[in-house]
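# Summary of structural features
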Amino acid sequence: MAILDIKVIDEPVLRRKAKKVVKVTPELRQLIDDMIETMRDAPGVGLAAPQVGVSERVIVVEYAEDEDEEEGAPPPKKKLYTLINPEIIWASEDMVDGTEGCLSIPGWLGDVSRHDAIAVKALNRSGQKVKINAEGWLARIFQHEIDHLDGVLYIDRLVSPDTLRRVQPGQEEVEEAKAEKIG
Ligand code: ZN
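Residues numbered from 1 in each chain as written. Predicted model: local features only at pLDDT ≥ 70, side-chain atom pairs only at ≥ 80, totals over all residues. Heavy atoms only, no water.

For the rest of this paragraph, the subject is the pattern of salt bridges. Using the criterion set out here, one finds 10 salt bridges in the structure. Residue Glu 100 pairs with Arg 114 through a salt bridge whose shortest N-O separation is 2.8 Å. Of this pair, Glu 100 sits in strand E4 (residues 95–100) while Arg 114 sits in strand E5 (residues 108–115), and the two are 14 residues apart along the sequence. Comparing Glu 100 with Arg 114 shows no difference in burial state: the two are buried. When the shortest N-O distance is used, the salt bridge between Asp 111 and Arg 165 registers 3.4 Å. Residue Asp 111 is found in strand E5, and its partner Arg 165 is found in strand E8 (residues 165–166); the two are separated by 54 residues along the sequence. (Salt bridge = Lys/Arg side-chain N within 4 Å of Asp/Glu carboxyl O. Helix = DSSP H or I, 4+ residues; strand = E, 2+ residues; numbered from the N terminus. Buried < 20%, exposed > 50% of the residue type's maximum accessible area, 1.4 Å probe, protein only.)

With that settled, consider the pairing of strand E7 (residues 129–135). The side chains of a regular strand alternate, residue by residue, between the two faces of the sheet. Two strands pair when backbone bridges link them, and strand E6 (residues 117–123) and E7 are joined in this way by seven bridges, in the antiparallel orientation. The residue of E7 that forms the bridge with Leu 123 is Lys 129. Linking E6 to E7, which pair antiparallel, is a turn of five residues; within it Gly 127 sits at a positive phi near 85°. (Pairing = 2+ DSSP bridges.)

Now for the sheet that holds E4. Spatial ordering of the open sheet is given by E4-E5-E8, a layout of three strands whose pairing is antiparallel. Strands with a single pairing partner mark the edges of an open sheet, and in this sheet they are E4 and E8. Relative to E8, E5 runs antiparallel, the two being bridged by two bridges. Pairing of Leu 109 across the sheet is with Arg 165, part of E8. Here helix H2 (residues 136–149) sits on the sheet in contact with E4 and E5, set at roughly 105° to E5. (Contact = heavy atoms within 4.5 Å. Axes fitted to C-alpha atoms, helices over the stretch in contact; angles between N-to-C directions.)

Taking strand neighbours across the sheet as the criterion, the five strands line up as E1-E2-E3-E6-E7 in an open arrangement whose pairing is antiparallel. Whereas interior strands pair on both sides, the edge strands pair on one side only; in this sheet they are strand E1 (46–48) and E7. Strand-to-strand twist of the sheet, defined as the mean angle between neighbouring strand axes without regard to direction, takes the value 40°. Seen against the sheet, H2 touches E1, strand E2 (58–63), strand E3 (79–91), E6 and E7 and runs at an angle of roughly 160° to E2.

Okay, here's the thing in structure tokens:
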């Protein structure tokens with residue numbers, strides 16, 4: 001496993017439409033393992049292959065869904081998703097505004113409107129078909145990461161340019177409790 005370099009905003013690979021994966025090979029699984037390690041090291045809750053310079057349709061997401069926290073309950077368990085060729089097959093009409101950051105745009109946050117709930121189909125790391133229903137923050141993370149595969153960054157989707165604001169790199173989460181560096 002290796003920690004990969006995360007490409008930042010002016011790198012052309014971030015603006016390219018990524019290629020569909022034709023076959024899940026050992027090399028692809030190696031890339032996925034390295035992406036997971038890179039995401040955890042950053043740390044972020046998601047990462048798309050173009051962010052590490054690979055123009056292929058692969059994302060990894062690791063997130064603990066918020067549940068009603070009871071006093072003394074253990075913290076929610078993180079769930080890891082590896083999605084190859086992810087496609088949004090359904091999206092709610094309900095939209096919700098939320099604050100996003102991106103590992104490829106360090107030091108900035110902005111508000112983006114996303115579908116509150118989505119259904120995604122993809123292949124998992126074994127090459128099997130999966131379907132995932134996601135809502136709230138998890139749905140937001142998937143939409144942000146899948147955008148990366150089409151060369152779209154959250155700054156293209158701001159509810160208003162005024163919401164873009166500077167924060168100390170690495171302090172995004174402190175500045176805005178709910179603003180995770182999505183990836
Ligand atoms: Zn991102």
